[in-house]
Amino acid sequence: KSALRERGIVINSIVIPIVLYPLLMWLIFTGVTYVSGQTAELRSRVMMRNLPEAHYALRRALSHESGVDLEFSENPDADLRSGKLDLIIDFVEVQDAPPLAEGNVGARLTYDASRDQSTAARVRAKRVIDRYRDQFIEREARKLGISRTQLQGFRVDEINVSTDIEMGRFVLGLLLPVMLVMMLAMGAVYPAIDTTAGERENGTWETMMTTATSRTNILTAKYLYVATMSFVAGCLNAAAIMFTMRSNLTPLSASGLTFGVQLNSLPVILAGAALLALFVAAGMMLLAAFARTFREGQSLVSPFMIVFVLPLMFIQSPSQEFTMSTAFIPVVNVAMMFHITAFTAFH
């Protein structure tokens with residue numbers, strides 16, 4: 001109850017874990033949506049050169065594309081550099097292929113990558129050209145009485161056998177351990193300093209020593225208090241991450257990713273968070289106990305927090321496995337457990 005009277009503890013251990021990541025993700029995706037909307041309003045000035053008659057339908061398709069204006073220029077290369085044109089589409093003869101009149105051509109897109117308008121024009125034009133090319137190949141294959149695959153010859157296809165749920169669990173398995181470990185550390189910083197250096201700075205340390213209980217009980221109570229606040233911060237952060245990813249990322253995902261953790265994996269995650277909270281509370285209190293002021297406590301605890309979060313790089317390596325040797329590395333073992341639990345508990 002006394003912890004809830006401290007504004008710093010409430011902010012660092014409760015408010016920040018609930019608000020920080022949802023707010024950051026909301027701001028990021030709001031910015032992305034705003035930039036996408038601004039890009040969608042840009043007009044793309046496109047010029048086509050050496051277009052064969054067999055592909056006049058492509059000109060019509062580009063003219064009907066939203067945001068694309070077909071233009072003509074006497075000096076297109078100079079206009080592209082000056083910004084008067086955004087894209088030049090040249091149609092060139094394909095090597096070892098029939099002449100242009102038969103429609104077997106290649107399209108070369110010239111643009112200025114240093115300008116957003118030119119990059120947007122390339123994306124819009126390529127989308128139309130790819131769609132037109134697919135239709136052209138399909139039509140020519142029917143004329144020859146063969147399949148589209150036979151007409152194109154050597155090609156590469158990609159097939160992802162993972163379901164939307166599996167991909168969502170994979171993304172969650174990468175994000176959850178990092179954010180959970182960081183919030184466990186952040187949730188313990190302020191309580192650990194406040195219960196040691198803060199007591200000494202406020203002059204209440206000696207008064208507490210006069211209470212009718214042993215020093216062991218006082219130390220144990222402080223330790224469990226810091227570990228509890230760290231655990232609460234981590235759990236609140238995990239819940240906030242799940243809520244944010246479901247409400248923000250799922251609607252924006254083109255592939256329909258779904259994010260969620262099975263109920264049977266929650267006890268494992270909670271147990272790991274509790275063990276990690278006990279570890280970080282012990283380390284931070286041990287260092288903060290040597291400080292005489294709150295500022296000194298922050299200086300002493302900051303290196304430990306960096307070292308505590310540093311092992312997270314292990315779980316970012318695709319080749320890293322949860323072996324017996326990895327299980328003996330502090331923080332890494334629990335972070336790997338979070339990763340494996342979030343990713344494979346549904347199998």
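These remarks concern the structure in this document. (Residues numbered from 1 in each chain as written. Predicted model: local features only at pLDDT ≥ 70, side-chain atom pairs only at ≥ 80, totals over all residues. Heavy atoms only, no water.)

1. Quick notes on the sheet that holds strand β1 (residues 44-49)
Piece 1. Read across the open sheet, the 4 strands follow the order β2-β1-β3-β4; overall the sheet is mixed. The sheet is open, and its two borders are formed by β2 (68-70) and β4 (105-111), each paired with just one other strand. Direction aside, neighbouring strands of the sheet carry axes that sit 30 degrees apart on average.
Piece 2. Taken together, the 4 bridges between β1 and strand β3 (residues 87-93) define a ladder with parallel strand orientation. In the strand pairing of β3, valine 46 is matched with leucine 87. (Pairing = 2+ DSSP bridges. Helix = DSSP H or I, 4+ residues; strand = E, 2+ residues; numbered from the N terminus. Axes fitted to C-alpha atoms, helices over the stretch in contact; angles between N-to-C directions.)

2. Some thoughts on unusual backbone geometry
Piece 1. Positive phi, close to 60 degrees, is recorded for asparagine 50, a residue that is not glycine.
Piece 2. Relative to the assigned elements, asparagine 50 resides in the loop between β1 and α2 (56-63).
Piece 3. You can call asparagine 50 exposed: its relative accessible area is 57%. (Buried < 20%, exposed > 50% of the residue type's maximum accessible area, 1.4 Å probe, protein only.)

3. A look at a nonpolar patch on the surface
Piece 1. There is a patch of nonpolar side chains on the surface, built from Ile11, Val15, Ile18, Val19, Leu23, Trp26 and Leu27 and spanning about 600 Å² of accessible area.
Piece 2. On the secondary structure map, isoleucine 11 appears in helix α1 (residues 7-40). (Patch = residues over 30% accessible without salt bridge, like charges linked within 9 Å, V, L, I, M, F, W, Y side chains within 5 Å. Areas by Shrake-Rupley, 256 points an atom, 1.4 Å probe, with all protein chains shown as cover. Salt bridge = Lys/Arg side-chain N within 4 Å of Asp/Glu carboxyl O.)

What is shown is where atoms sit, not what they do.
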